[in-house]
Amino acid sequence: MAGSTGPSAAFGQTLQFITSIKLQELEKQRLAYQEHATVLQRAAECKDLAEKVEILAKAIESWTGSGSVTEHTHLGGKLTLSNLRLWLPQTKQDPNFSPDILHSWVDTLETHIRHSLMRFDGAKLFGSLFNEWIASGDSSVSVSTTNGDDADNGDFEKVGRQEMHDQLAKLNSIIFDEAKIDTAALQSYLEDLFSEKEASKALEELKKEIKTFEYDLKRETFNGRKVAVIIRGLLASGLMDESKRATLAEFLDNSTVLEEVASVLTMRMSSLETWQWPAEGMSVEMRRHLNGKYRAFTDPEIIDAMLLQHIGVSWQVKLKAAFGCFLNGKAWKAPPRPANPGLLNEQIGGSRSESIAQRRQWQQQSFFLIQLSSSPYSISTYDDLLDAPEQENSVGPAAAKRTLLQTMATEALLNTTIHKSHAVVRSDLEWFGPSLPHQSILTVLKFFGVSDEWSLFFQRFLGAPLRFKGDPQVHTRMRGTPIAYALSVVCGEVILFVMDFAVNQKANGLFLYRMHDDLWLWDADAAKCAAGWKAMNTYAELVGLKFNASKTGSACVGTNELFGLPAGDIRWGFLRFDQMKARFVIDQKEVDLHIAEFRRQLVSTKSVFGWVNAYNKYMAFFLRNFGGRPAPCFGDEHITDIISTIARIQQELFPDIQGGAVAYLRSVIETRFGVKDLPQGYFYLPISTGGLELRHPMIELFALAQNSEEEKRAQSFESLVETDEERWKNAREAHQVKKSNKVSKRSELQDDPFITLEEYLSLRESWLKTWSDRYDSLMCIRTLSEVQKTPSVHSFIPEAQTKWGRLDWYQQWIVSLYGEEVVKRFGSCEVVDSTLIPLGMTSAPLRSSDRKKLKQRVISIFGISSEDGDLLVPDGIQSIKFMTHLEQPGVAYLAPDGDPLWFTLGKGSDDLIPTVYTLWKRGNLLPDVSTPAAVIPVLIGGADLMIPGVVHLAPDLKEQQLVSVRQYNHSRETPTVSPPLVVGRMALPGNQLGKGSQDKGKAVYVLHTWKDHLWEMGSKPDVPEPIPLGASAEKSTDEHSNEDDSDINSAPSQQLANLTIESPEASAPSVPAYTAQEISELLHTSLLQAIASAIPSSAFPIPATQFYTNYLLPSRPAFPALILSPSGPAPDDASSWPSASEITIKSSSHKSLTAFLKSEEKAGLITTKAPQKHSNQTDLFITSVNPKHPSIEGHRLFATLKDTDIAAAKKAKREEKAREDAAKSPELVIKELWKPHQVTATLFQRMGGDTSKEYTSAEVKTIINSYITSNSLVNPHDQAYINLDEPLAQCLSEKAKGKSKDNVEPNTSLEFIKRDELTRGIIKRMQNWYEISDGREVVRKKGELKPIQIVMKVRQGRKLCTLISGFEPFLVVNAEDMAEDLRKSCAGSTSVSPLPGKTAGSGMEVMVQGKQSQVVLEYLTAKGIPKKWIETQNLSGKK
């Protein structure tokens, strides 16, 4: 449409205008440099080499435009202008100065000038390409890969409208046509299905829970916080138009409005029986989604939407927990477990928890009711699985699909190996959401105990009055569920849970793997799959559902018997399961259809950058539909298939061009811009360096490590079959040895006969760890082979040593393979100086509309004001793509000054994460966790925060919730916390940390830290000042603060005060804040804790005062506020919060110990006995406690004063031991020694040395110098050289044992040599020895002493670890002690194992979880090992 001036058009015009100005300036500079470069001609005419160098150097130095250099800039890696200035006088006056050197200088300077010319030409080309891209409109076109009709932009609207009308007509034919359901037959089916004893028992329990839940839900009261949660869930759902969504976002910014809405919702909930949809009906909007289909969204009123959201999510959470009791209970049929696990553990080791059966159980739990939310804070919408984009290395629907595919492929290999057969069925339900019969939903809900009152509510919800565009009449919905409502998910999942249970019951424990209505069955027994498929059809017919024939199919490996299984192929993306090959293969016919579409989309682009963008996206689409990066379960043949298919796609796309996409682009650029002979690497280099960023689709596949036939067999299930008998024999022999030595863990099992071979083989899936390990390895995503850095890379990349590690594997591959060719043309791998033109394609300013959307997301997610939204999402904010060291894609949002403010992780992820720069502006965007100062460097090094490292945490933290980590600085006067230094996600709920139920494992998964690569992108300011833990207001580092916004500027102490896992320090008495009744309640809780902690029966009877002192007082909560919040106002200062010392009998309402104990005896917790008459004893006696009291069984353990006292004692002991170790560990004295050996022994005899002695290098040098002097071997022409006599020449003519850069190779023609080279050459031929002394012991040994190796690398796909080896010679450390010490200091797991790939006795390797090189280095140096004997390597790919 002519004259369009929309936001995107205005953005494009502005950016094009800016680029044009830059290009005009660039062209001026380019022409000026061309004139400047005529110095090459003047230099060529000059005959004097020194003068020619001077001319060229002055020309380079005088250029001040883009690409100018300083006197310290390295030219060609050989020269600097400052050095030339020093050397030029010598060239003019030194008659011995070599002209060859002058020639090399001339060549270097001329090459620099020519490269500068080429870089100006490259910048001009890039600017022209960029201008073409903006002007063409390609910059605002998103390539669709979900529907072929989207390829041609010209008829997109026409096709889209026709498709919309077709789907709308189909929708109308379904949702307004009531389905006839035989409800009596369905009721009878359900009663029969749940008639078994355990199922019936579980059903009755479910009905009781539903009844209680309904009662509580209807009487629930709302508050502002709950309303905010509801709003965030709604904003994620897609409901309502933009204006209503903006209104909801504004609600989040106003606490008064939230409270008002809460009161309205409370009233609405209490009168739920009168709720109705508006009589005038709801308008329906057809929206097009990622899979190309249109869906009908309604636009409810805001209060209705909020009420339904809350009700729907509440039902989701309840039903997921309730139905989960079926899955984990006796009603759910499960494979039989091995009998007598104790005997198995005794005889062959291991446990069921390490078996394939356990792996299956975990997988099934992860796929069970995947659509239902587990908590109100993690909302799963109806459309998640249908619209979810592919996400590499992240949790989400796409990742779940890949996991499902890998699981099925692995199970196929397992079943065909063990059982010689494998059957699989795949299907989905046709128009599932729109076609769900209402009578089926209501019948199933009532069966599960939903009351008539709530059934009527569900019925009113389902029968929504609808108005379609262009149709004034209101129609009542008769089938299906409204899309994007949380209640719709409830209706769908309740129906499908019955199908899950039916398959399990009718097919003897078979599990229906299900992602919403995408359904999979598999098993080694085809008859079980047939029974499961039959059960699915029976139930689907009863509830009025239909399977999609085009997506339904089955396959049987090992048999052609398909009786009872559906016809059709098993398909996923472009993959088809080949039952003859027992693996997925690529369906080339499907590929052919998309090649034609691919070609149309490429042709429709109008710019080179647009073409590259379309090419990259469609190639990524192909790779995703080939299954993504293959796991080993797909086989190496799958990788070969993908490579050959991509090669065929290239040939089909460019049939007349030799050289594929690169050759095509070369011809286009030559035709449009007249630029020829561009090096191949130019096309693959990133846009940020001036390249085209064409993605090579095969490189990732070539980088996957492929195995030889022997290796493939060794890593297969078949190899385990071949070696199972040998492992059984080894286990039997080991057991016999244990029996003979009487070292059995369980003596009563010693006389049991050892299991037979047949019994052992039957445990492959249910017990044997070797099989589960192989199962895991086949499921694990393959790692990419690392490209080794070569010396030539230093000439390709400035500061190669530091920058190489920042390149991802793909960039390293490109630079190593193509870099040299690019450098020859442009002088660097950076084709374009970033100052020459705007590289707006890598960090493009967001369009105004996109910035507003981003701001709205920030406001809605983090609950901040609009003013703070402007601060944290400023005008001019830019976006830039990046790749993590684990090859996880992400997007960073940068402020105009370059500081990163936000980022996302995972392809297509909308999960916004603030950076430390953002948190330094608004510190309370996230809840806080604090940790000691010593832990922060460990987190920056790449480790996650472990539970023992947590000092404080905010209340009510949920698993996976974003948190910031602050440094806790302890002080008796005023403890402080730093600004946020780390951003991460909670690894487990906060209440599991705060109540002492967890003391090991990870607390926070770290995502981003101060000083990491993301932080390095910004301005790197100094860390703001620490904040007093008890401060009343946080001082923002930004002037733009809102003093009225208590949520934003409240102190960290509001979240952290007294919520601590640190042992309490002795301090001044605090102000009592508990009432006497509350003290009594805490004393009662302390008694429960004491009894639950198992008081030994031998302790009774015990005097009351002794019981009080020894058991009750130590069981008081270390942090009372975590157990019971004071009813009075909270003190302003953290130190004034109530402490455990206040919990005493005198402060309680009982006032006396006897009164307290009598009340507890009355409650049935203890029994007492009065002292005998006429006895001197006045104390009551406690005669027993009741550990089976209901209050004890329901009690949750917490951290007590005794716990903290023990922790403090352990800490003091560790510190004392560290001080003792430090005092005992002076630095080792290490000497490298050499002993005359073979040819050097003969030489030393001639030189008068002792051949039986070991020498230091200084001593060897002294003997050699004495020999040189006494034999007058100094060269008279150059005293730096030594003339070689026959003994020296004979020695140096022998080859040294090792090689190094200093080695003098055998050369019988040597006449003279430099003095230091002579010494090194002789030492190289001597025998290596070393001596180590720790002040008490001196050890001297033969051999070369090698430094201790500290290596950081990624293992098992994504686990970062630190490996230490080579420490055995150094006296002061051993493997076991080091592992234990590092486990404590790193707060992470450690292990000790033999060095991999080495023979027995070659040494041990200590593994520490996380990136702990600095901690290990400090540990070793504290032991006295000099730093020069410790080498650190980073092979993790992350700095």
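From a predicted model like this one, the values you see are computed outputs, not experimental measurements.

Caption draft 1: Structural context of the overall build of the chain. Each helix and strand counted, the chain has 54 helices and 37 strands in total. Counting only residues that meet the buried cut, the chain has 50% of its 1439 residues in that class. Across the chain, contacts joining residues at least 24 apart in sequence account for 70% of those joining residues at least 6 apart.

Caption draft 2: Region of the structure containing the environment of glutamine 1077. Mapping glutamine 1077 onto the fold places it in helix 43 (residues 1076-1092). By relative accessible area, which is 54% here, glutamine 1077 ends up exposed. As a C-alpha pair, glutamine 1077 and serine 1148 span 71 residues in sequence and 6.2 Å in three-dimensional space.

Caption draft 3: Representation of the pairing of strand 27 (residues 1181-1185) in the model. Here strand 25 (residues 1102-1103) runs beside strand 27; their pairing, made up of 2 bridges, is antiparallel. Looking across to strand 27, one finds that proline 1103 is bridged to phenylalanine 1181.

Caption draft 4: Quick peek at helix 43. With 17 residues, helix 43 ought to run about 24 Å at 1.5 Å a step, and its terminal C-alpha atoms sit 24 Å apart, in line with that. Summarising burial for helix 43: 12 of the 17 residues are buried, a large majority. For helix 43, the set of buried residues is Glu1078, Ile1079, Ser1080, Leu1082, Leu1083, Thr1085, Ser1086, Leu1087, Leu1088, Gln1089, Ala1090 and Ile1091. Downstream of helix 43 by one or two residues, alanine 1094 has phi in the positive range, about 65°.

Caption draft 5: Structural detail: the pattern of salt bridges. This structure, assessed with the given rule, holds 44 salt bridges. Each of Arg851, Lys855, Asp870 and Asp875 takes part in one network of salt bridges that share partners.

Caption draft 6: Quick look at the sheet that holds strand 32 (residues 1338-1342). Spatial ordering of the open sheet is given by 28-31-32, a layout of 3 strands whose pairing is antiparallel. One side of each edge strand has no neighbouring strand; the edge strands of this open sheet are strand 28 (1229-1235) and strand 32. Across the sheet, the mean angle separating the axes of adjacent strands is 20° when strand polarity is ignored. Examined bridge by bridge, strand 28 and strand 31 (residues 1327-1333) share 7 bridges and lie antiparallel to one another. Its bridge partner lying in strand 31, glutamate 1232 is registered against tyrosine 1330.

Caption draft 7: Molecular detail of the confidence of the model for the chain. Residues with a pLDDT of 70 or more make up 81% of the chain, whose mean pLDDT is 80. Of all the helices and strands in the chain, helix 41 (residues 1046-1049) carries the lowest mean pLDDT, 33, while helix 18 (residues 438-447) carries the highest, 96.

Caption draft 8: Layout of the packing of aromatic side chains. Enumeration according to the criterion identifies 65 aromatic pairs in this entry. Residues phenylalanine 511 and tyrosine 513 carry aromatic rings whose centres are separated by 4.9 Å and whose planes lie at 75° to one another, so their mutual orientation is edge-to-face. Residue phenylalanine 511 shares its accessibility class with tyrosine 513, and that shared class is buried. When the ring centre of phenylalanine 447 is taken as origin, the NZ or CZ atom of lysine 207, which lies over that ring, is 5.4 Å away. Its guanidinium or amino end placed over the ring of phenylalanine 222, lysine 226 lies 5.9 Å from that ring's centre, counting from NZ or CZ.

Caption draft 9: Structural detail: the nonpolar core. Counting 210 residues, the largest nonpolar core has Trp315 and Phe448 as the members making the most contacts within it. Discounting residues that sit within four places of it in the chain, phenylalanine 448 has contacts with Phe194, Leu203, Leu206, Lys207, Ile210, Phe323, Val494, Phe497 and Val498.

Caption draft 10: Examining the packing of helix 18 against helix 20 (residues 486-506) more closely. Running from N to C, helix 18 and helix 20 point in directions that differ by 70°, and their axes come no closer than 10 Å. On the basis of their axis angle, the class for helix 18 and helix 20 is roughly perpendicular. Both helix 18 and helix 20 take part in a crossing whose hand is left-handed. Two secondary-structure elements touch here, helix 18 through Ser440, Ile441, Val444 and Leu445 and helix 20 through Cys491, Val494, Ile495 and Val498. Of the residues belonging to the contact of helix 18 with helix 20, the class tally is 7 nonpolar, 1 polar and no charged.

Caption draft 11: Local environment of helix 52 (residues 1315-1324). Among the residues of helix 52, Leu1318, Thr1319, Gly1321, Ile1322 and Ile1323 are the ones counted as buried. Packing partners of the buried residues in helix 52 comprise strand 28, helix 49 (1239-1247), helix 50 (1257-1270), strand 29 (1281-1283), helix 51 (1286-1293) and strand 30 (1312-1314).

Caption draft 12: Quick peek at unusual backbone geometry. With an omega of -5°, the peptide bond running from phenylalanine 1100 to proline 1101 counts as cis. In this structure, proline 1101 sits in the loop between helix 43 and strand 25. Phi at alanine 582 takes a positive value of approximately 55°, unusual for a residue other than glycine. Turning to its location among the elements, alanine 582 is positioned in the loop between strand 10 (575-578) and strand 11 (583-586). A residue is classified by how much of its surface remains accessible, and alanine 582, at 15% relative accessible area, is buried.

Caption draft 13: Summary view of the sheet that holds strand 35 (residues 1390-1394). Taken in spatial order, the 5 strands line up as 35-36-34-33-37 in an open sheet, and their pairing is mixed. The outermost strands of the open sheet, each flanked by one partner alone, are strand 35 and strand 37 (1430-1434). Neighbour-to-neighbour, the strand axes of the sheet open up by a mean angle of 25°, direction not taken into account. One ladder, built from 5 bridges, connects strand 33 (residues 1348-1355) with strand 37; its direction is parallel. Residue pairing in the sheet places glutamine 1349 in a bridge with glutamate 1431 of strand 37. Where helix 54 (residues 1413-1422) meets the sheet, its contacts fall on strand 33, strand 34 (1359-1365) and strand 37, and the angle it forms with strand 33 comes to roughly 160°.

Caption draft 14: Molecular detail of the side chain of histidine 735. Residue placement: histidine 735 occurs in helix 29 (residues 717-741). Setting aside residues up to four positions removed in sequence, histidine 735 forms contacts with Glu346, Gln347 and Phe754.

Caption draft 15: Highlighting the packing of helix 7 (residues 183-193) against helix 18. Two numbers describe how helix 7 lies on helix 18: the axes approach to 10 Å, and their chain directions differ by 35°. Crossing angle aside, the handedness with which helix 7 passes helix 18 is right-handed. Only Gln439, Ser440, Thr443, Val444 and Phe447 of helix 18 make contact with helix 7, whose side of the interface consists of Thr183, Leu186, Gln187, Leu190 and Glu191. Each residue belonging to the contact of helix 7 with helix 18 can be placed in one class, and the counts come to 4 nonpolar, 5 polar and 1 charged.

Caption draft 16: Representation of the side chain of glutamate 1405 within the structure. Assignment of secondary structure puts glutamate 1405 in strand 36 (residues 1404-1409). Taking the relative accessible area as the measure of exposure, glutamate 1405 reaches 8% and is therefore buried. When residues no more than four places from it in sequence are discounted, the contact partners of glutamate 1405 are Arg1355, Leu1363, Ile1364, Ser1391, Val1392, Ser1393, Pro1394, Leu1395 and Pro1396.

Caption draft 17: Layout of the environment of glutamate 346. Assignment of secondary structure puts glutamate 346 in helix 13 (residues 341-348). Considering only alpha carbons, one finds glutamate 346 and lysine 738, 392 residues apart in sequence, at a separation of 9.8 Å.

What counts and how
Residues numbered from 1 in each chain as written. Predicted model: local features only at pLDDT ≥ 70, side-chain atom pairs only at ≥ 80, totals over all residues. Heavy atoms only, no water. Helix = DSSP H or I, 4+ residues; strand = E, 2+ residues; numbered from the N terminus. Buried < 20%, exposed > 50% of the residue type's maximum accessible area, 1.4 Å probe, protein only. Contact = heavy atoms within 4.5 Å. Pairing = 2+ DSSP bridges. Expected span 1.5 Å × (residues − 1). Salt bridge = Lys/Arg side-chain N within 4 Å of Asp/Glu carboxyl O. Axes fitted to C-alpha atoms, helices over the stretch in contact; angles between N-to-C directions. pLDDT = per-residue confidence, 0-100. Phe/Tyr/Trp six-rings, centres within 6.5 Å; stacked < 30°, edge-to-face > 60°. Lys NZ or Arg CZ within 6 Å of the ring centre and 35° of its normal. Core = buried A, V, L, I, M, F, W, Y, C linked by side-chain atoms within 4.5 Å. Parallel < 35°, antiparallel > 145°, perpendicular 65-115°, else oblique. Left-handed = near helix turned anticlockwise from the far one by under 90°. Nonpolar A, V, L, I, M, F, W, Y, C, P; charged D, E, K, R; others polar.

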